[in-house]
Amino acid sequence: MAEEQASQEDAIDNFNNKIGFDYDTSLIGALNKDGFYSDPENKDFIWPENYVRINTARWADMITGPNGSDPQIFVESFDGTHNKFDQIPFRSTAEEYDSVGIPVSILIKSFLESPFNDIEMITRETNRFRSKLDEEERRYKAFCETFSGEEQRLYEEWKASRSSEGEEFGKMDTVTEEQVSKTVWQILSEASTEDLFKFKLDIFEQEIVQNSENRDLRSKIRKAKSICEVCAAYQELIDAETETKETE
Amino acid sequence: MAIRRPLRWDTATGALKEMSDSDLALLAYYARYHWAQEHLATYTANAYRDGSATATNGFGAPYRTNSTSATDANYTHHGAYNDTRKTPSTLSNADNDEPQSQPNAFAGDDDDSFGVPSEASFNDTLATAQTLYKETYDNATAPSNPSTSDHNSHGYMIWDSSGYVKVEYEVANIADTVIKLANAAMLSGDKVGTYYISTSDPSEGTGHTWSDLGTFIEDTISTYSFPTTTGSSIAQAHKLWLKTDAPLDSVESSVALTSYMQWSSSGDIGLKQVDKGSGGSTFSNIATNIIIPIWKNNSALIPKYKFSASNTLAGSWEALKGTYSDTYYDTSQTTGPTLDSSTYYSARYGLATTTVNTEYMIMYIGSDATSYR
């Protein structure tokens, strides 16, 4: 049973983390003490008996929501030891549960007393959860609009080279006073391969480059060996695009 | 027949007295308690019936089965329940950059711009992942009714309207007096001795014990992990629970477990107050030797279970005992193409869940309101 609960707990955490879904702590309070409560050795944090904190509730049927014949809700909760994920029929009062023979369990009682016992709130949570799922698709569509296989390949190459050099990937750049006081010439002449790559990415993000159908000049930017070469190719592309526009 | 109350010794008046309503409620509670304990012992993991369970035990109980038909004539089979889900779809494409000798600088990337799996590749894949079956043990041959000897040894004394104090031998009276009271509490009281289907412990709080009998209906849902791993996880395990205990509240404190009178034919022959036992064995002799055998012999008084797509009840002799449904992703979303280790990956997988085939477990006792009081 304990393994089963731990497995379910991991599944809930992993899925929520994966899609970036966070509980609304303005409704349920801070979560940072959960670990203390779940630690049986920690006697300073004792979870109230017969209490379950409802973390979120959403319609099991996201399509019909509360309009199904017997709407069910998915409830994520914390019982002082584990995060749990359950499905319960939706009723708004203990009397309604009792009238149809549903035991008013600790989970149901906690749900009834929680801010989630409200059709609009459950719908809000459902939409909030769903929007996180939707973001994946939105991210994809946004990516499609700017996607360039070449840029992706350059990025992968750069990432691989960083890894092979043993550098910490994703390490935040620190702007030092020395860098700030550098002249433009110094910046251009001292640029590293990484700076060159980033600069190329910035250039490729410019609308005029993205919209340009002049593959030769785009290729010239990509193949440039220095910042100056990139700038030269970029200027050439701007001139060419301007000329094309004027001709039209 | 008739309600004939067991006699007990009343210490306040120093006289024999018929059991009060609260005395009887307590006796009925222990009848249900032992009914539940007997049922509990018939299960193995995941709500299956233990093959070595006593044939006369577990009357009316629901069990999970792997068979498409009833295990034998003692069971009623309740058909199939399909756990369905749609399958995520993935695409991959090697980042096989073409030589730079190509006239077009981006020619090498032509095959990188592939799309994502079509909507149909996910939406049209709804299929049964597993089929679950259930049956109820409600056609078994009942054990014999208590013999005269059983009544003498374990039964109770009553005041007969003809003017005698005697051992209660009338099984119909015992049914009216104790069993129908137990049935009422099963239908709408503390529910001890009844089953319930729920993903979580239905316990109402301290003193309420619902024993976890394992997964009765399993609902799985599809999963996707980058780059091409598709699979499933358990969305909900709809478990079968049996209520095996409840706090006795005022019943326990008000009657102080008052016992009943019995005729002792050996040793000091005469009327004696029964040793009621304690803890889990309280009233176990009368429950297991008198009340439960009579219960099993009256099909109209045995709590039985059925499964329905409707939660409409035929009458007060029925009660809803939980629900379960099948959840699957009805709509989809996409991800990628994403380059990883020289291969582009894209996928279409689940977005919004829908629930279908909601079913209810319904307990029924007989077919009219005469099965309880």
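Just so you know, these numbers come straight off a predicted model, no measurement behind them.

A. Fine view of the overall build of chain B. Each helix and strand in chain B was counted, giving six helices and 18 strands. Compactness check: chain B gives a C-alpha radius of gyration of 30 Å against a globular reference of 21 Å for 373 residues, more than 25% above the reference. Judged by the C-alpha coordinates and their principal axes, chain B covers about 115 × 40 × 35 Å. Burial statistics for chain B: of 373 residues in total, 44% are counted as buried. Sequence separation of 24 or more characterises 76% of the internal contacts of chain B that already satisfy a separation of 6 or more.

B. How the structure looks around the pairing of strand S6 (residues 127–136) of chain B. Residue and element names in this part refer to chain B. One ladder, built from four bridges, connects strand S3 (residues 62–65) with S6; its direction is antiparallel. Pairing of Tyr 63 across the sheet is with Glu 135, part of S6. Across eight bridges, the pairing between strand S4 (residues 76–85) and S6 is antiparallel. Opposite Tyr 81, over in S6, you have Leu 132 as the bridge partner.

C. Focus on the domain arrangement of chain A. According to the domain assignment, chain A consists of domain 1 (2–140) and domain 2 (177–247). Between domain 1 of chain A and domain 2 of chain A, the C-alpha centre-to-centre distance is 51 Å.

D. Representation of the packing of helix H1 (residues 21–40) of chain B against helix H6 (residues 284–296) of chain B in the model. All names here are of chain B. Packing of H1 against H6 leaves a shortest axis separation of 9 Å and a crossing angle of 80°. One element, H1, and the other, H6, form an angle in the roughly perpendicular class. Here H1 contributes Tyr 30, Ala 31, His 34, Trp 35 and Glu 38 to the contact with H6, which in turn contributes Ser 284, Ala 287, Thr 288, Ile 291 and Ile 292.

E. Layout of the confidence of the model for chain A. With 77% of its residues at a pLDDT of 70 or more, chain A shows a mean pLDDT of 81. The low-confidence segment residues 167–177 of chain A, where pLDDT is below 50, has five contacts with residues more than four positions distant or belonging to other chains.

F. Just the sheet that holds strand S1 (residues 53–59) of chain A, in detail. All names here are of chain A. Strands sit in the order S1-S2-S3 across an open sheet of three strands; the sheet is antiparallel. The sheet terminates laterally at S1 and strand S3 (83–89), the two strands that pair on one side only. The sheet shows a mean angle of 25° between the axes of neighbouring strands, taken without regard to direction.

G. Just the nonpolar core, in detail. Counting 71 residues, the largest nonpolar core has Ala 28, Ala 31, Val 178, Ile 179 and Ile 291 of chain B as the members making the most contacts within it. By residue number, the principal contributor to this core is H1 of chain B, which donates eleven residues. If you look at the next biggest cluster of nonpolar residues, it comprises 20 residues, including Ile 73, Tyr 97, Ile 108 and Ile 122 of chain A.

H. Broad picture of the confidence of the model for chain B. All names here are of chain B. For chain B, per-residue confidence averages 90 on the pLDDT scale, and 92% of positions sit at 70 or higher. Note that pLDDT drops below 50 for residues 99–110; the model gives that stretch 14 contacts with residues more than four away or on any other chain. Interface confidence for the predicted complex, given as ipTM, is 0.84, next to a pTM of 0.79.

I. Fine view of the environment of Tyr 51 of chain A. All names here are of chain A. In this fold, Tyr 51 is placed in the loop between helix H3 (34–38) and S1. Here Tyr 51 falls in the partly exposed class, since 13 other C-beta atoms lie within 10 Å of it. Residues Tyr 51 and Tyr 234, 183 residues apart in the sequence, show an inter-C-alpha distance of 64 Å.

J. Structural context of the pairing of strand S17 (residues 343–350) of chain B. Residue and element names in this part refer to chain B. Counting buried positions over the eight residues of S17 gives six, a clear majority of the element. The sheet contact formed by strand S5 (residues 89–94) and S17 spans six bridges and is antiparallel. Bridge pairing links Ser 92 to Tyr 345 in S17. Here strand S16 (residues 332–340) hands over to S17 after two residues, with Ser 341 in that stretch at a positive phi of 50°.

K. Molecular detail of the sheet that holds S3 of chain B. Residue and element names in this part refer to chain B. If you trace the three strands from one edge of the open sheet to the other, you get S3-S6-S4, paired in antiparallel fashion. Looking at strand neighbours, the two that pair on one side only are S3 and S4, the edges of this open sheet. Strand-to-strand, the axes of this sheet are offset by a mean angle of 30°, without reference to chain direction.

L. Local environment of unusual backbone geometry. Residue and element names in this part refer to chain B. Put simply, Phe 226 and Pro 227 share a cis peptide bond, and its omega is 5°. By the secondary structure assignment, Pro 227 is in the loop between strand S10 (209–225) and strand S11 (229–245). Following Gly 336, the chain continues to Pro 337 via a peptide bond in cis, the omega torsion being 5°. Looking at the secondary structure, you find Pro 337 in strand S16.

M. Up close: the packing of helix H4 (residues 171–188) of chain B against H6 of chain B. All names here are of chain B. Contact geometry of H4 with H6 gives a least axis separation of 10 Å together with a crossing angle of 100°. Accordingly, the angle class assigned to the pair H4 and H6 is roughly perpendicular. In this structure, H4 uses Val 171, Ile 174, Ala 175, Val 178 and Ile 179 to contact H6, whose residues at the interface are Ile 290, Ile 291, Ile 294 and Trp 295. Its residues assigned to classes, the contact of H4 with H6 comprises nine nonpolar, no polar and no charged.

N. Seen up close, H1 of chain B. For H1 of chain B, spanning 20 residues, the distance from its first C-alpha to its last is 28 Å, which sits close to the expected 28 Å at 1.5 Å a residue. Where burial is concerned, most of H1 of chain B is hidden: 16 out of the 20 residues are buried.

O. Spotlight on the environment of Tyr 345 of chain B. All names here are of chain B. Take Tyr 345: it is sitting in strand S17. Look at Tyr 345 and you get partly exposed, because 19 C-beta atoms sit within 10 Å. It is 80 Å that separates the C-alpha atoms of Tyr 345 and Gln 262, two residues lying 83 residues apart in sequence. Not counting the four nearest positions on each side in its chain, Tyr 345 is found in contact with Thr 90, Ser 92, Phe 226, Pro 227, Thr 228, Gly 336, Pro 337, Thr 338 and Asp 340.

So, how was this worked out
- Residues numbered from 1 in each chain as written.
- Chains lettered and ligands numbered in written order.
- Predicted model: local features only at pLDDT ≥ 70, side-chain atom pairs only at ≥ 80, totals over all residues.
- Helix = DSSP H or I, 4+ residues; strand = E, 2+ residues; numbered from the N terminus.
- Rg over C-alpha atoms; globule rule 2.2 N^0.38 Å.
- Buried ≥ 20, exposed ≤ 12 C-beta atoms within 10 Å, placed from the backbone.
- Contact = placed C-beta atoms within 7 Å.
- Pairing = 2+ DSSP bridges.
- Domains from an automatic or database assignment.
- Axes fitted to C-alpha atoms, helices over the stretch in contact; angles between N-to-C directions.
- Parallel < 35°, antiparallel > 145°, perpendicular 65-115°, else oblique.
- pLDDT = per-residue confidence, 0-100.
- Core = buried A, V, L, I, M, F, W, Y, C linked by C-beta atoms within 7 Å.
- Nonpolar A, V, L, I, M, F, W, Y, C, P; charged D, E, K, R; others polar.
- Expected span 1.5 Å × (residues − 1).

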